[in-house]
Amino acid sequence: MRSELPCSALESAVAELVGQFERAPDAFMREVDLRAALFHLLQGHEALREFHLTRDGRRTTLVHRGYPALLPDHSNATDDPDAASQPIRHDLVILNPS
């Protein structure tokens, strides 16, 4: 797969989501509704829905929700000790196919 395909699929999905929001903004009452709609639109692209072989021999798709951060992120440092103890998770990720 060429690396442009995930970017093209993302751009297409975001454009579609913007159009849906413009047509019916009340369909998205909360931020989580927008994330769910974007995930659904991304899953609609064959390039992102296909299974890819990982280095350890497993098969996975490129789009995932609730993905853990692979590297520690110190830019979110706060004075709140409870916030600092929470692992960082990304709401939505598109993995690099290579």
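Residues numbered from 1 in each chain as written. Predicted model: local features only at pLDDT ≥ 70, side-chain atom pairs only at ≥ 80, totals over all residues. Heavy atoms only, no water.

Peer 1: Got a minute to help me understand the overall build of the protein in this structure?
Peer 2: On a plain count of helices and strands, the protein comes out with four helices and four strands. Starting at the N terminus and ending at the C terminus, the protein contains elements arranged as α-α-α-β-β-β-α-β. For the protein, buried positions account for 17% of its 98 residues. Entry remark: accessible area of the protein is about 7,500 Å², with carbon and sulfur atoms responsible for 53%. (Helix = DSSP H or I, 4+ residues; strand = E, 2+ residues; numbered from the N terminus. Buried < 20%, exposed > 50% of the residue type's maximum accessible area, 1.4 Å probe, protein only. Areas by Shrake-Rupley, 256 points an atom, 1.4 Å probe, with all protein chains shown as cover.)

Peer 1: Looking at this structure, I do not really get the environment of E31. What am I missing?
Peer 2: With respect to the helices and strands, E31 occurs in helix α2 (residues 31–43). Since its relative accessible area comes to 54%, E31 is described here as exposed. Looking at E31, its side chain comes within polar contact range of the side chain of R35, at 2.9 Å. (Polar contact = N/O pair within 3.5 Å; in protein donor to acceptor, adjacent residues only side chain to side chain.)

Peer 1: I'm lost on the layout of surface pockets in this one. Help?
Peer 2: Its volume calculated, the largest pocket comes out at about 210 Å³. Forming the walls of the largest pocket are H52, L53, T54, T60, L62, Y67, L70, L95, N96 and P97. Of the residues that constitute the lining of the largest pocket, the class distribution is six nonpolar, four polar and no charged. (1 Å grid on protein atoms, 1.4 Å probe; cavity = no way out; pocket = protein on both sides within 12 Å on 5 of 7 lines; lining within 4 Å. Points joined across faces, edges and corners; volume = space filled by probe spheres on them. Nonpolar A, V, L, I, M, F, W, Y, C, P; charged D, E, K, R; others polar.)

Peer 1: Explain the environment of S12 here, please?
Peer 2: Mapped onto the fold, S12 is located in helix α1 (residues 4–23). Separated by 29 residues in the primary sequence, S12 and L41 have C-alpha atoms spaced 8.7 Å apart.

Peer 1: What's the story with the nonpolar core in this structure? I'm lost.
Peer 2: In globular proteins that are soluble, nonpolar side chains generally tend to be buried together. A9, A13, L17, F28, A37, L38, L41, L42, L48, L62 and V63 form the largest nonpolar core, which has 11 residues in total. Looking at this core, the elements that each hand over two or more residues are α1 and α2. Per element, the largest residue contribution to this core is four residues, and it comes from α2. When neighbours within four sequence positions are excluded, A9 is seen to be in contact with L42, H45 and L48. (Core = buried A, V, L, I, M, F, W, Y, C linked by side-chain atoms within 4.5 Å. Contact = heavy atoms within 4.5 Å.)

Peer 1: Can you help me understand the side chain of T61 in this one?
Peer 2: With respect to the helices, strands and loops of the structure, T61 is situated in the loop between β2 (59–60) and β3 (63–68). On the accessibility criterion, T61 (15% relative accessible area) is buried. Only 3.5 Å separates the side chain of T61 from the backbone oxygen of V63, close enough to count as a polar contact. The residues touching T61, leaving out its near neighbours within four places in the chain, are L48, R49, E50, F51 and L95.

Peer 1: Hey, could you run me through the environment of A36 in this one?
Peer 2: Mapped onto the fold, A36 is located in helix α2. Taking C-alpha positions, A36 is 9.4 Å from L92, a pair spaced 56 residues apart along the chain.

Peer 1: Quick question: what am I supposed to make of the packing of aromatic side chains here?
Peer 2: Pairs of aromatic rings are described using the distance from one ring centre to the other and the angle between the two planes. Taken as a whole, this structure holds one aromatic pair when the rule is applied. Each ring, one from F21 and one from F28, has its centre 6.0 Å from the other, and the planes form 35°; the classification is tilted. Among the residues examined, F28 registers a relative accessible area of 12% and is labelled buried. Positioned above the aromatic ring of F39 is the side chain of R65, whose terminal nitrogen or guanidinium carbon lies 5.8 Å from the ring centre. (Phe/Tyr/Trp six-rings, centres within 6.5 Å; stacked < 30°, edge-to-face > 60°. Lys NZ or Arg CZ within 6 Å of the ring centre and 35° of its normal.)

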